[in-house]
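A closer look at the structure
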Amino acid sequence: MKNFITLLFFFTISSVSGQSLLSPNKHTKVFFSLSPEGKPTYTLNYKGEAVVLKSNLGFELVNAKPLIENFTVLDVQFNTKDETWTPVWGEENSIRNHYNEMLIALEQEATKRKMNIRFRVFDEGVGFRYEFPVQQHMGHFIIAQERTAFAMTGDHVAHWIPGDYDTQEYDYTTSKLSEIESLFDTALTGNASQEQFSKTGVQTALMLKTDSGLYVNIHEAALIDYPAMHLNLDPQTLTFESWLTPDATGNMAYMVTPHHTPWRTIIASKDARDILASRMTYNLNEPCAIEDTSWIKPMKYVGVWWEMITGKSSWSYTNDVNAVKLGKTDFGSTTPNQTHAANNTNVKRYIDFAAQHGFDGVLVEGWNVGWEDWFGHSKDYVFDFVTPYPDFDVKILNSYARGKGVELIMHHETSSSVRNYERQMDKAYQFMKDNGYHAVKSGYVGDIIPRGEHHYSQFIVNHYHYAIQKAAEYEVMVNAHEAVRPTGVARTYPNLIANESARGTEFQAFGGSKPNHTTILPFTRLIGGPMDYTPGVFEMDISKLNPNNNSHVNTTLANQLGLYVVMFSPLQMAADLPEHYEKFMDAFQFIKDVGIDWEKSVYLEAEPGEYITIARKEKSTPNWFVGNSNGYNNRQAVVDFSFLTPGKKYTATIYRDHPKADYKTNPQAYVIETKTVTSKSKLKIETVPAGGFGISVLPKKLE
Ligand code: NOJ
Ligand code: CA
């Protein structure tokens, strides 16, 4: 480590003095100090403004003295890094990783235990983590609670979802920090199993805005072999404290040296667009661990899915709970369910549609035996992932799809029986390889088995990681639903092609989501990685699909198009039914054209909860696409095309809200118009509440 400077002398000057570290552009500053009691603390400033006030760092341990005070500094080391790396897929084709680093080596005087804190200061924020080196006086230890504080500078506006060890599928609540407690029960509506929490706990990534207009985002990076962190607010001091997800025994994390925590991250800027443009979370993860990544390919897909989610069709082959016989395809005299969607004829219909319109994949759910009795009874042996229902012919359908240049996407609903999934994982992935699949959507609905574990506990976090690594051995891409929220791990394992891990489009068929939901998600859930949000719903009245389902999709059709650009995912779905797209082929053209993997992204307009407008240039074509999602208010967006190559003419096809569009009463009213644009053009585009637009910007053909 050539460029390390060791400052051995520094802390001998005074135990209460500290050390600051600036970002490469000097805008961001971290200050570390020890309190008179030897408590490690830090502060964060952005352009001279406080972002985090003096905050404590440390741990409570099980049956051992806490790692909270009585520390001295043994050593301080500095480093700097400036590298550029190429992601396998992403929002741009190269990412700069530029930071200054400070490692504070601490020792607890009374116990001689060692704990290091590593800070990395980027232009847009800081990441820090605790490291536990191999040492004489601490080998194995158990964390009872992490005590990392984030002392806020005021009563900020927060976009938050309630703390929960098992789901993130909430609508966001926007409120002052001081209002979280009183709004907590309302925020929980519609979800289960929340008794475990304090009523001031929220999940990350948490998006905040101060009275002075500073945007602050708190999350974590590289969550591996550790439980996911929540944040618990002390309403008196407006200080958040880390609050980990317990395991079945109530403990948080089992540690053995050498080990370290994930990075705790804070991004700050006066411009909300910088939060979306930050790649700090990826940069804090390790480089790609997969040598040959040529099999990892972004995909646009359709699926035998929305018809089940809306209740129009069923996953299960029969209605008879007793008919489930794992490993058997003979259902004897049991009458098949007329609405079973994963049947050969229907799947072929989707394959034909995909092939006709240039999609790469077709997801099929409800293809394997077990759906008659998969949920709610904590069943250990629940699915086997290799036995198709009698009306689904794996070999014929895969070769039919391949013959048309399309591939099938596998579905593994684990029903949260993690034990069952791990038992069968090799077999399941081998089955995929044997049958021509190379992407799987996995799911973790219901209570986790081993019983008592949670979706975000250390043990289960390790499972998700194991699944990604195992999948990589079989050249399988993973899109995990209900898994822990991503923390940039896809830098290391880019076969983690997407996650759900938040409230996706499915909730539009479960009663609806808030109209501004997708103006918040890119600031929260997507900070850690792409989301399989499954946009593209054109029929907003769900009762037309299923008379017993009165849900309404709370957006306009033009908004659904904008989401293809706003909600980045290299695995991007067109969620609606072929027959609905066939009614609006002119608007569907945007979904057919839009890119899914990008050379460059330009964040044009952004305000969390209100609007987002993004322009992106597709990799390996000269085409640009612009997307907008709008919140609760009518708004005029201004699209500045200065991102285009100067001197070139482009045809912009604009798919926008009709002035009379209304997400509740007239959501399918849109206007399509074409304009010639250059890098000097600026277009004003009106959007209605929960509206939006998509624009394809293609180089003009020579006349
Ligand atoms: C929940 C997932 O989010 C959804 O996409 C899937 O269809 C169901 N689980 C069934 O696996
Ligand atoms: Ca889900």
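Residues numbered from 1 in each chain as written. Chains lettered and ligands numbered in written order. Predicted model: local features only at pLDDT ≥ 70, side-chain atom pairs only at ≥ 80, totals over all residues. Heavy atoms only, no water.

**Digging into the confidence of the model for the protein**
The pLDDT averaged across the protein works out to 95; a share of 96% of its residues lies at or above 70. Taken as a whole, residues 1–16 scores under 50 in pLDDT and shows 33 contacts with residues more than four places along the chain or in a different chain. (pLDDT = per-residue confidence, 0-100. Contact = heavy atoms within 4.5 Å.)

**Remarks on the pairing of strand E33 (residues 624–630)**
Across the seven residues that make up E33, a large majority, seven, are buried. Here E33 shows no split at all, with Trp-624, Val-626, Asn-628 and Asn-630 on one side and Phe-625, Gly-627 and Ser-629 on the other all buried. One ladder, built from seven bridges, connects strand E32 (residues 611–618) with E33; its direction is antiparallel. What sits directly across from Arg-616, in E33, is Phe-625. (Buried < 20%, exposed > 50% of the residue type's maximum accessible area, 1.4 Å probe, protein only. Helix = DSSP H or I, 4+ residues; strand = E, 2+ residues; numbered from the N terminus. Pairing = 2+ DSSP bridges.)

**Some details on the coordination of the calcium ion (ligand 2)**
Those protein atoms acting as donors to the calcium ion (ligand 2) are Glu-169 (OE), Glu-482 (OE), Glu-500 (OE), Glu-500 (OE) and Glu-506 (OE), and they sit at 2.2 to 2.6 Å. Here the calcium ion (ligand 2) binds six donor atoms, and the angle range of 52 to 166 degrees at the metal identifies the geometry as irregular. Sequence spacing of the donor residues for the calcium ion (ligand 2), all on one chain, is E-x312-E-x17-E-x5-E. One end of the pair, Glu-482, is in the loop between strand E28 (477–480) and strand E29 (496–499); the other, Glu-500, is in the loop between E29 and helix H9 (557–566), with 18 residues separating them in the sequence. Both residues of the pair, Glu-482 and Glu-500, count as buried. (Donors = N, O, S within 2.8 Å, 3.2 Å for Na, K, Ca; no water. Tetrahedral: all angles 85-135°; square planar, octahedral: opposite > 155°, others 65-115°.)

**Quick word on the sheet that holds strand E35 (residues 650–657)**
One open sheet holds the six strands; their spatial order is E31-E32-E33-E38-E35-E36, and the pairing between them is antiparallel. This sheet does not close on itself; its edge strands, each paired only once, are strand E31 (598–607) and strand E36 (670–677). Between one strand axis and the next, the sheet turns through 15 degrees on average, direction left out of account. Here H9 sits on the sheet and contacts E32, E33, E35, E36 and strand E38 (692–699); the angle it forms with E33, its principal contact strand, is near 125 degrees. Of the strands in this sheet, E33, E35, E36 and E38 touch helix H11 (residues 585–593), which is tilted by about 120 degrees from E35. (Axes fitted to C-alpha atoms, helices over the stretch in contact; angles between N-to-C directions.)

**Re the environment of Ser-416**
For Ser-416, the location among the structural elements is in the loop between strand E26 (407–413) and helix H7 (418–435). With 386 residues separating them along the chain, Ser-416 and Val-30 place their C-alpha atoms 41 Å apart. Those residues within four positions of Ser-416 in sequence are excluded, and the remaining contacts are Tyr-444, Val-445, Gly-446, Asp-447, Ile-448, Ile-449 and His-455. Reaching out from Ser-416, the side chain makes a polar contact with the backbone oxygen of Val-445 at a distance of 3.3 Å. (Polar contact = N/O pair within 3.5 Å; in protein donor to acceptor, adjacent residues only side chain to side chain.)

**A short note on the packing of H9 against H11**
Contact geometry for H9 and H11: axes closest at 10 Å, N-to-C directions at 10 degrees. Classed by the angle they form, the pair H9 and H11 counts as roughly parallel. Facing H9, whose interface residues are Leu-557, Leu-561, Tyr-564 and Val-565, H11 presents Ala-587, Phe-590 and Ile-591. Class assignment for the residues of the contact of H9 with H11 results in seven nonpolar, no polar and no charged. (Parallel < 35°, antiparallel > 145°, perpendicular 65-115°, else oblique. Nonpolar A, V, L, I, M, F, W, Y, C, P; charged D, E, K, R; others polar.)

**Focus: the packing of aromatic side chains**
Under the criterion given, the structure shown has 37 aromatic pairs. Geometrically, the ring pair formed by Trp-371 and Phe-383 is tilted, given 5.0 Å between the ring centres and 50 degrees between the ring planes. With Trp-371 in the loop between strand E25 (361–364) and helix H6 (394–403) and Phe-383 in the loop between E25 and H6, the pair connects residues that are twelve residues apart, well separated along the chain. On the basis of relative accessible area, Trp-371 is assigned to the buried category, the value being 5%. Overall, Phe-383 belongs to the buried group, its relative accessible area being 0%. Look at Trp-598 and Phe-625: their rings are 6.2 Å apart centre to centre, the planes differ by 65 degrees, and that puts the pair in the edge-to-face class. On the criterion of sequence distance, the pair formed by Trp-598 in strand E31 and Phe-625 in strand E33 is long-range, its members being 27 residues apart. Summarising the burial analysis for this pair, Trp-598 and Phe-625 share the class buried. Through pairs of rings, three or more aromatic residues link up here, namely Trp-315, Trp-371, Trp-374, Phe-375, Phe-383, Phe-385 and Tyr-421. Here the guanidinium or amino end of Lys-348 rests over the ring plane of Tyr-400, the centre of that ring lying 5.1 Å away. (Phe/Tyr/Trp six-rings, centres within 6.5 Å; stacked < 30°, edge-to-face > 60°. Lys NZ or Arg CZ within 6 Å of the ring centre and 35° of its normal.)

**Description of the side chain of Ser-35**
Within the secondary structure, Ser-35 sits in the loop between strand E3 (28–34) and strand E4 (40–46). Here the side chain of Ser-35 touches Glu-37 through a polar contact of 2.9 Å, side chain to side chain.

**Quick word on the pairing of strand E17 (residues 206–209)**
Bridging between strand E14 (residues 157–160) and E17 involves three bridges; their strand directions are antiparallel. Residue pairing across strands places His-159 opposite Met-207, the latter belonging to E17. As paired elements, E17 and strand E18 (residues 215–221) share four bridges and run antiparallel to each other. Considered in E18, the bridge of Met-207 is made with Asn-217. Linkage of E17 to E18, two consecutive antiparallel strands, is achieved through a turn of five residues, within which Gly-213 is found at a positive phi near 90 degrees.

**Looking at the packing of H7 against helix H8 (residues 458–473)**
At a closest axis distance of 11 Å, the pairing of H7 and H8 adopts a crossing angle of 5 degrees. Taken as axis vectors, H7 and H8 run roughly parallel relative to one another. Packed against H7, whose contacting residues are Val-418, Tyr-421, Glu-422, Met-425, Asp-426 and Tyr-429, the element H8 presents Ile-460, His-463, Tyr-466, Ala-467, Lys-470 and Ala-471 at the interface.

**Observations concerning the pattern of salt bridges**
The tally for this structure, following the rule as stated, stands at 35 salt bridges. A salt bridge links Lys-112 to Glu-107, with the nearest nitrogen and oxygen atoms 3.7 Å apart. (Salt bridge = Lys/Arg side-chain N within 4 Å of Asp/Glu carboxyl O.)

**So, the site of ligand 1**
Around ligand 1, 13 residues are found, and the nearest of them are Glu-365, Glu-413, Lys-441, His-481 and Glu-506. Within the side chain of His-481, a nitrogen or oxygen atom sits 2.8 Å from an oxygen atom of ligand 1. In the environment of ligand 1, an oxygen atom lies 2.9 Å from a nitrogen or oxygen atom belonging to the side chain of Glu-500. For ligand 1, the protein covers 94% of the area, taking 300 Å² as the surface of the free molecule. Residues that form the shell around ligand 1 fall into these classes: five nonpolar, two polar and six charged. (Near = heavy atom within 4 Å. Areas by Shrake-Rupley, 256 points an atom, 1.4 Å probe, with all protein chains shown as cover.)

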